[in-house]
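Structure at a glance
Single-letter residue listing:
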Amino acid sequence: MARVLNNLLLFLIRLALKIRVWGYWSLIYGYCALCTTAALLKLCWNIVLRPTTTFQWGIRETPPACLNDTSLGTHCYVRIKESGLRFHYIAAGERGKPLMLFLHGFPEFWFSWRYQLREFKSEFRVVAVDMRGYGESDLPLSTESYQLDHLVTDVKDIVEYLGYNRCCLVGHDWGGTIAWLFAIHYPEMVTKLIVLNCPHPSVFTDYALRHPSQLLKSSHFFFFQLPRFPELMLSINDFKALKALFTSRSTGIGRKGRWLTAEDLEAYLYALSQPGALTGALNYYRNVFSSLPLSHRHVRSPVLLLWGERDAFLEQEMAEACRLYIRNHFRLNIISGASHWLQQDQPDIVNTLIWTFLKEGEGRKSYRN
C-alpha cells in the first residue's frame, strides 16, 4: 500500500511540474501572439497614414562627431581566442589603475556611458564595451550565440585580456542582467557591483509572473521572440520607434534631466541602422526564456543598485526585493524623476552616488534621493 501511495505521489508531482511547464510556455506563446496582433494592426495603420514613407529607412553612412570625441577615450579592439569574436571598446584612464568595466543595455552601445567615462577616468582604467552584436563588435548570426552563458563568458574574457583578474563592474538594463550573472558566477572577479535600472534576474522572473502590470510593461520581451518582424517594426518610418524610445515623453531621456541632443540621437541611429545591428540586439531577448530560472542566485560582492523612479519598463517594487539575493553590503538609491536611461538622464546624480559607494566603508544604510 505504501509503495502504491509513493508511486501516486511521484506521479502527481511530475504531473504538476508538467502542467506548470506547459502553463509557462502557453503564457509566453499566447502573449507573443497577442503582441504580434497589436503590432500588425499598428503596421496597417502606419501604411494607411503614410503609404509612401512607412517602408523607407536609411543606413547612416558617416558617424557623428561625438563618437570620435577624444575626451571619452581611445577606440580599441580585442579578438577573443576562445570565441573567435572581435570586441570594440573605449578605454580611458591610466593603465594599471583599478578596472571599471561598463556594460550597456538595449538598444544602446558604448556611447551610453559617455558621462561616466569622463567622470571616473581620473581614478580608474575605465572601459566601455560594445557587447556582442552591438556597435563595432562582431555580430554572430545564430540566435544561440546570444545565450546568457556566452554573454557572461565574454565579460570574463575581456577582463582577463585587459590584464586584470577583477574589476568594478557597472551594468545598465541588459548589461545589468549580465553584470548580476557575472557577479553570481565569478564573485572573486567583482570588487564591487553597480547596477542601474535592472533587477536581479530571479526577482524579475518571480515578480513578473505574479504582477500582470509588470508583464504588460515587459510585452516587448514576448514580441521580440518573433523572427524578423520586430526588426521591421523598429525600422519603419526611418526608425521612428527607436527615436520615440529615446525621446518621447513617456519613455525617453530627459524628462527631468539632460535632453538627448540631435547629435546624440544620430549616434544611436548610426549604430542601430547598420546591417544586422537590430537582429544582434534583439537576439538577447530570443534566448531569455530558455535561460531561466537560475540555478545559482546569490551575489557575494557589495552592490549598489540605482533606480530611476519613473522607469517606464520596470516597476520600482523589484528594486528592494533584490536585497534577498545579496550576501554583502547592499545600497539602494531611487532617484526621483529619473527615467530608465538613468546614467544619461541624471549623470551628475548617478556619478555622485557611484563615488559615494566606491569610497564608503561597510555602512548598512540604504537611502532615497
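Everything numeric here is computed off the predicted structure, so don't read it as measured data.

When helices and strands are tallied, the protein chain shows 14 helices and 8 strands. Split into buried and exposed, the 369 residues of the protein chain put 53% on the buried side. Taking the contacts inside the protein chain whose residues are at least 6 apart along the sequence as the reference set, 76% of them involve residues at least 24 apart.

A separate point is the pattern of salt bridges. Tallied over the full model, the rule gives 12 salt bridges. D138 is the salt-bridge partner of R79, the closest N and O atoms lying 3.6 Å from each other. Of this pair, R79 sits in strand β1 (residues 74–79) while D138 is found in the loop between β4 (125–129) and α3 (148–161), placing the two residues 59 residues apart along the sequence. With relative accessibility at 53%, the residue R79 sits in the exposed group. Judged by relative accessible area, which is 25%, D138 ranks as partly exposed. In this structure, E160 engages K156 in a salt bridge whose closest nitrogen and oxygen atoms are separated by 3.0 Å. Of this pair, E160 and K156 both sit in helix α3, 4 residues apart, which is roughly one turn of that helix. Look at E160 and you get partly exposed, because its relative accessible area is 39%. The structure contains a network of salt bridges with shared partners spanning R60, D238, K243 and E266.

On the surface, W45, V48 and L49 cluster together to form a nonpolar patch covering roughly 350 Å² of accessible area. Considering the arrangement of structural elements, one finds V48 in helix α1 (residues 2–49). Take V48: its relative accessible area is 58%, and that puts it in the exposed class.

Turning to the sheet that holds strand β6 (residues 190–196), a few remarks are in order. Strand order in this open sheet of 8 strands is β1-β2-β4-β3-β5-β6-β7-β8, and the pairing throughout is mixed. With one partner strand each, in any of the chains shown, β1 and β8 (330–335) form the two edges of the open sheet. When the angles between neighbouring strand axes are averaged without regard to direction, this sheet yields 20°. Examined bridge by bridge, β1 and strand β2 (residues 86–92) share 6 bridges and lie antiparallel to one another. Bridging from a neighbouring strand, C76 pairs with Y89 of β2.

Summed over all chains, the structure comprises 24 aromatic pairs. The interplanar angle of 90° and the centroid separation of 5.5 Å between the aromatic rings of F109 and Y268 together place this pair among those described as edge-to-face. Remark: Y268 occurs in helix α9 (residues 262–272) and F109 occurs in the loop between β3 (99–103) and α2 (114–120); sequence separation between them is 159 residues. The pair formed by F109 and Y268 is uniform in burial state, with each residue classed as buried. With centroids separated by 6.4 Å and ring planes inclined at 75°, the aromatic side chains of F313 and W341 adopt a geometry described as edge-to-face. Of this pair, F313 sits in the loop between β7 (303–308) and α12 (317–321) while W341 sits in the loop between β8 and α13 (342–345), placing them 28 residues apart in sequence. For the pair shown, F313 and W341 are each scored as buried. An aromatic cluster of at least three residues, connected via ring pairs, comprises F106, Y134, Y146, W174, F204, F221, F223, F224, F229, Y284 and Y285.

In this model, F106 is joined to P107 through a cis peptide bond whose omega is -10°. Within the secondary structure, P107 is located in the loop between β3 and α2. Its identity as a non-glycine residue notwithstanding, N197 has a phi of 45°, on the positive side. Within the secondary structure, N197 is located in the loop between β6 and α5 (201–210). Classification of N197 by relative accessible area gives buried; the value is 0%. The backbone of R228 shows a phi angle near 70°, a positive value even though the residue is not glycine. As for its position among the elements, R228 is in the loop between α7 (219–223) and α8 (229–247).

Procedures and definitions
- Residues numbered from 1 in each chain as written.
- Predicted model: local features only at pLDDT ≥ 70, side-chain atom pairs only at ≥ 80, totals over all residues.
- Heavy atoms only, no water.
- Helix = DSSP H or I, 4+ residues; strand = E, 2+ residues; numbered from the N terminus.
- Buried < 20%, exposed > 50% of the residue type's maximum accessible area, 1.4 Å probe, protein only.
- Contact = heavy atoms within 4.5 Å.
- Salt bridge = Lys/Arg side-chain N within 4 Å of Asp/Glu carboxyl O.
- Patch = residues over 30% accessible without salt bridge, like charges linked within 9 Å, V, L, I, M, F, W, Y side chains within 5 Å.
- Areas by Shrake-Rupley, 256 points an atom, 1.4 Å probe, with all protein chains shown as cover.
- Pairing = 2+ DSSP bridges.
- Axes fitted to C-alpha atoms, helices over the stretch in contact; angles between N-to-C directions.
- Phe/Tyr/Trp six-rings, centres within 6.5 Å; stacked < 30°, edge-to-face > 60°.

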